[in-house]
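What follows is the residue order along each chain.
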Amino acid sequence: MFKKVLIANRGEIAVRIIRACRDLGIRSAAVFSDADRGALHVRLADEAYHIGPPPSTESYLVIDKIIDVAKKSGAEAIHPGYGFLAENSKFGKACKDTGIVFIGPPPEAIEMMGDKMAARKAMLAANVSVVPGTEEPVEREDQAINIAKNIGFPILIKAAAGGGGKGMRIVAEEAEIKSGVRGARSEAKSAFGDDRIYIEKYLGRPRHIEIQVIADTHGNCVYLGERECSIQRRHQKVIEEAPSPLVDELMRKKMGEAAVAAAEAAGYVNAGTVEFLVDQEKNFYFLEVNTRLQVEHPVTEMITGIDLAVEQIRVAYGEKLSFAQEDIKIRGHAIECRIYAEDPSSGFLPSTGLLRGYREPSGPGIRVDSGVYEGAEISVYYDPMISKLLSYGIDRQQAVTRMLRALEEYRISGVANNIEFHKDILVHPEFAAGNLSTHFIDEYYRPAEEPISEIEEAAAVIAALTEHEARNKLTLSPLKKNITSPWKMSWRPGSEFNKK
Ligand code: ADP
């Protein structure tokens, strides 16, 4: 096995990989920017190397600096985590050229799967149905109009190099096409340095369901079930769960086999995720491939018992997968809530600063993957994710109950956070019923519009005091609190949102 692995990342995912290394008896080397001198991943790693100033373009994204540090440290392999250089095929090549193992797929597979249009072609060749749309870049606006008329409005203009929900424009009618094409193109150019765009049919109220695959260098490729990631805000995942409440055995097998066929056709090695959009009739359409470990990978780990980060390292070392398809058994249910330093009451504005008070929940069925500690800083330079809170239960109901308990226990002060927002989603009757779609938050969540009057504020203080007293007597269930939240109001009998 490798003796030392360099982790080219920060935050919770760096910590996650340090733990996998430790479980395998591998020394871990961390990298850090000036902003991360005191970060948890730096404290936990066996070694840590400074790579520059806080902006990631001058530190975590600089290939030469990472490669230099890898050489200096004597690491034989680099794990990129997710984000930063994880899906950069140039980085994969640079590792290869230096004789360092990149813990991920070969650069050619990253290149092909990372390009959404190339991936669509590969899927069609592997007989996997894709979201209706174009296979070639759309160059001109009149071309876009013809395509849109063919596939029917609404359409979605997307960046071939897209990611993180950037470079996407929904277009509902012909008159909006020109500005949509221009907008998507310029956003794609500035975000990815690549202005190629293409068009997809914009599906109404789809679910986002993805398949985890992992392949070794000996020709074995296995799917590890699905994750449902339909709870999204601005096309970004907020809550993920596994298994999906929609997917039955047969559908899992069909989606899993489609994902494996596609991975095999691309010569894929290591962990990857094949994402699909699913309509309410359970038809699934290929969306894109993520050629890395996903943020939401732990829900799959919890229901399969497989340590994905460990398997990634083992496969990169050249070992065979330690399981075959028939060994994969799904047991129980897992949920992940992405805990962010952001303020739901002011448009989800990121909230930066010191974590003055911080206590993570624990207890049966709870896992917290975080990269922070009390006194740490949520910096303006990086993604304001505080942690990933995970719950496991023997069924979905128990996983939800335990998640609510953990959210209630979680203590964060110093920065705003989205804990209450998560609670509101989890107790919503449509969530409980498993009726999910990517529009869930838009359809049910109404942020408070009116500024709070003095009388309301006084009422809120009294309510808080009463609740504090009640909580101290341990009589109040989490489900009954916070009844003035707009979420609760949206489904209470008689509410205007209930009439839809
Ligand atoms: P990115 O790579 O930027 O994350 P994706 O292609 O993975 O973009 O899409 C992200 C999300 O955007 C999906 O989960 C879904 O909610 C929405 N989306 C993307 N394509 C479509 C489509 N054709 N129809 C409806 N929603 C879509």
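Refer to the structure presented above.
Each chain has its residues counted from 1, following the order in which its sequence is written. Side-chain atom pairs in this predicted model are given and counted only at pLDDT of 80 or more, local residue features only at pLDDT of at least 70, and totals for whole chains, interfaces and linings cover all residues. Derived side-chain values reflect all non-hydrogen atoms in the structure, with water molecules and hydrogen atoms excluded from consideration.

**Structural notes on the pairing of strand β11 (residues 236–242)**
Every other side chain in a regular strand lies on the same face of the sheet, so the side chains alternate between the two faces. For each residue, the accessible area found with a 1.4 Å probe, counting protein chains only, is set against the maximum for its type, and the residue is called buried under 20%, exposed over 50%, and partly exposed in between. The numbering of helices and of strands both runs from the N terminus, where a helix is a DSSP run of H or I of at least 4 residues and a strand a run of E of at least 2. The buried fraction of β11 amounts to six of the seven residues, a majority that puts the element mostly inside the structure. Whether two strands pair depends on DSSP finding at least two bridges between them. Bridge count for strand β10 (residues 221–233) against β11 is four bridges, and the pairing is antiparallel. Its bridge partner being in β11, E228 is matched across the sheet by E241. Connecting β10 to the antiparallel partner β11 that follows it, the hairpin turn spans two residues, and R234 within it adopts a positive phi of roughly 50°. Bridge count between β11 and strand β14 (residues 333–340): four bridges; the pairing is antiparallel. Its bridge partner being in β14, I239 is matched across the sheet by C337.

**Concerning the side chain of S59**
Along the polypeptide, S59 turns up in the loop between β3 (47–52) and α3 (63–73). Assessed through its relative accessible area of 0%, S59 is described here as buried. A polar contact is formed between the side chain of S59 and the backbone oxygen of P55, at a distance of 3.0 Å. Each residue touching S59, except ones within four places of it in the same chain, is listed here: S33, I51, G52, P53, P54, I66 and Y382. Side-chain atoms alone can form a polar contact between residues adjacent in sequence; in general such a contact is a pair of N or O atoms within 3.5 Å, and within protein one must be able to donate a hydrogen while the other accepts it. Residues count as neighbours in contact if any of their non-hydrogen atoms are within 4.5 Å of one another.

**Here we look at unusual backbone geometry**
F153 connects to P154 through a cis peptide bond whose omega is -5°. Its location among the elements puts P154 in the loop between α7 (141–151) and β6 (155–159). Note that the residue after A242, namely P243, is joined by a cis bond; omega there is -5°. Relative to the helices and strands, P243 resides in the loop between β11 and α9 (249–265). Of note in the backbone geometry, F84 takes a positive phi value of approximately 40° without being a glycine. Counting through the fold element by element, F84 comes out in the loop between β4 (77–79) and α4 (89–98). Although it is not a glycine, R205 adopts a positive phi angle of roughly 45°. Take R205: it is sitting in the loop between β8 (197–201) and β9 (207–215).

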